[in-house]
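The residues making up each chain are set out below.
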Amino acid sequence: MAESAPEAEVGVGRVSGALVAVAREISAVGGGAAAEIGADRLRLARKVSLLSHLLEEIAGFAARGGGIPAAAAAAAEGEASSSTSSSAAAADPVARLEELLVALEAAKRLLLVGRGSPLPPSENASDTEGKNIAVQFQYVTWLLEKALAELPYEYFEISDEVQEQVLLVCAQLKRATEKNGIPDAELFPEIHDLLSCYEKELKQRAANESETLQIKNIVDGNHDLRETVMLIAKINGKSNEVVEELTSFVIERLEKAKTTNSLKFVGPDCDVVKKTSEEDKKSESLVIPADFLCPISLELMRDPVIVSTGQTYERSFIQRWIDCGNRTCPKTQQKLQNLTLTPNYVLRSLIMQWCEENGIEQPSRATTGWIRKSDGSFQEVSGDRAAIEALVRNLSSLSLEERKSAAAEIRSLAKRSTDNRILLAEAGAIPALVSLLSVKDQKTQEHAVTSLLNLSIYDHNKELIALAGAILPIIQVLKFGSMEARENAAAAIFSLSLIDENKISVGSTPGAIDALVDLLQSGSARGRKDAATALFNLCIYQANKVRAVRAGILSPLVTMLQDSANNGAIDEALTLLSVLVSHQDCRVAVTKVNTIPILIDLLRSGQPRNKENAAAILLALCKKDSENLACIGRLGALIPLTELTKTGTDRAKRKATSLLEHLSKLKVL
């Protein structure tokens, strides 16, 4: 039964206060360095901190007395249609908030467990404790994404900008959930539902010896599943006394539902290769165990992966097999149900262990190295590790000249190849370079910020740079550095903001957008271009559009539009304006700075692409504004628009035709 409106208001106030408190605790735990709690968990803490605006708006809703919208009020009285999912969700808003609270509390427990464990789960995959944390990490990420997706935003009167921010966080959480490929993840919904109803079901279940024995047999037959359920129960805050009973309960229900019979764990825990005494003897005689050999190449595997049939191959050979158009398993000849290659972490760990025990050079220690990527797989890289590590050490030298020289060399190395970017990051170059951004010597600053720019070309490094706290120091270089350093700082911001989460982080950093606007207005030709590119990318996020207008972006844009000698500047200005006018407040501001006459002039004499963008911007300004529409009519837009419908690009023709239709309707009125 749904709660009445007053009960809901009280419940919302109670839970919203708890949500804000837990979120603050998580932010405090995540305030440390990645080395303290692990990079994955630090990323999770940063995502939770991005929800602060959402939680503040919910708390504000509760403080106002929870002015319940009509649809939600009807739902509370039982009058809302059950076919409307949003109304159904709003019918029990407190329950939705409580689910979010459960998810945040689980996240807090995970972060507290991570303190003192310097490696993130993905880097501990070969260790039992590391794999356990990986399961809990993925469950918490899934749970948080689920809770946010089911929140009734209309009920709580959440603003559009905050909803957009939450959507970006949800997308990040979803990618994180899918990234590590934990085999038990497909069971999370069932386990979650059964945990939710555990106490209710437990009271109805007869506790007798025969049933206890039956449950024990089920648990013993599902060791991997049992471990997963226990880990999830613990991260949900269940005490040690009830975890065992709860685990038995969940597995029994899964067994009855025949869930476990239809699921095959395609992952490390079901492909554990155990050495028999006979294999140990073979190891002693340096005979490579058969399970360690790729069925295709018959060579020792360095990056073993599992295909959909459950067989394991060396990644490069099975990928080549698939790339040649083959869709069957080479060993079994069964059809591959999908082309997913799942890393076999445990087998790789056993291979590494066997190599170490038998004095054989391990793949990761060879001149050609192996680096673990963000998806858990290994990538082969080549380079002089010793030289790179020496350079990174020099970044912390007491001698400024040595630090400057090392930064200059790293700048050059990071520009040359992806392998260098990976090896430099692995050697710890990123935090050392971030520290150099604050030195007084401008040339050292320039080398450091340019090195970070070049390192960020490799996608995984974008996250590492943000996690190292580079955004604020880069903004300082953007404000006060040499012109070349400012140019490269702007380019670095563009590169980092290709990740959605960083669009929010950069945009909310005080002075970031102001510094870019300043470079757009007074920088060199290259600096203006870099600033325009960075601002365009940042303004894809709605809140940053308003920040850009407040920072004064329209003044340099109007100047650029009037620079008839520089078609590139006009193109950049139009591209930025086309993004800004998708926001209502920005449309009003654009109109006030008298851009409409300039845009109509571009319709008459601009390049084809400029005419197209000018028409698109005019349509956005006039579509729901009869005053602007009348203005373009008075300024003689009819003739160039008519011409554009005949000679323009396809997009230009569509925009011009739509504007003419609106003008025609205005004349009729």
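Residues numbered from 1 in each chain as written. Predicted model: local features only at pLDDT ≥ 70, side-chain atom pairs only at ≥ 80, totals over all residues. Heavy atoms only, no water.

A. Here's a closer look at helix H22 (residues 429-436). Among the 8 residues in H22, 6 count as buried, and that is most of the element. Buried within H22 are the following residues: Ala429, Ile430, Ala432, Leu433, Val434 and Leu436. (Buried < 20%, exposed > 50% of the residue type's maximum accessible area, 1.4 Å probe, protein only. Helix = DSSP H or I, 4+ residues; strand = E, 2+ residues; numbered from the N terminus.)

B. Broad picture of the pattern of salt bridges. Counted under the stated rule, the structure contains 19 salt bridges. One salt bridge connects Glu446 with Arg411, and the closest N-O pair in it is separated by 3.0 Å. One end of the pair, Glu446, is in helix H23 (residues 442-455); the other, Arg411, is in helix H20 (residues 400-416), and 35 residues separate them in sequence. There is no split in this pair, since Glu446 and Arg411 are both buried. Here Glu612 makes a salt bridge to Arg651, at a shortest N to O gap of 2.9 Å. Here the residue Glu612 occupies a position in helix H35 (residues 608-622), and Arg651 occupies one in helix H38 (residues 650-668), the gap between them amounting to 39 residues. (Salt bridge = Lys/Arg side-chain N within 4 Å of Asp/Glu carboxyl O.)

C. Geometry of empty space enclosed by the protein. Within this structure, the stated rule accounts for 2 cavities of 30 Å³ or more. As a volume, the largest cavity reaches approximately 60 Å³. If you trace the largest cavity, you find it lined by Arg43, Arg46, Lys47, Gln172, Glu463, Ile499, Glu501 and Asn502. Counting residues per element, the ones that place at least two in the lining of the largest cavity are helix H3 (39-49) and helix H27 (500-508). With 3 residues, the top contributor of residues to the lining of the largest cavity is H3. (1 Å grid on protein atoms, 1.4 Å probe; cavity = no way out; pocket = protein on both sides within 12 Å on 5 of 7 lines; lining within 4 Å. Points joined across faces, edges and corners; volume = space filled by probe spheres on them.)

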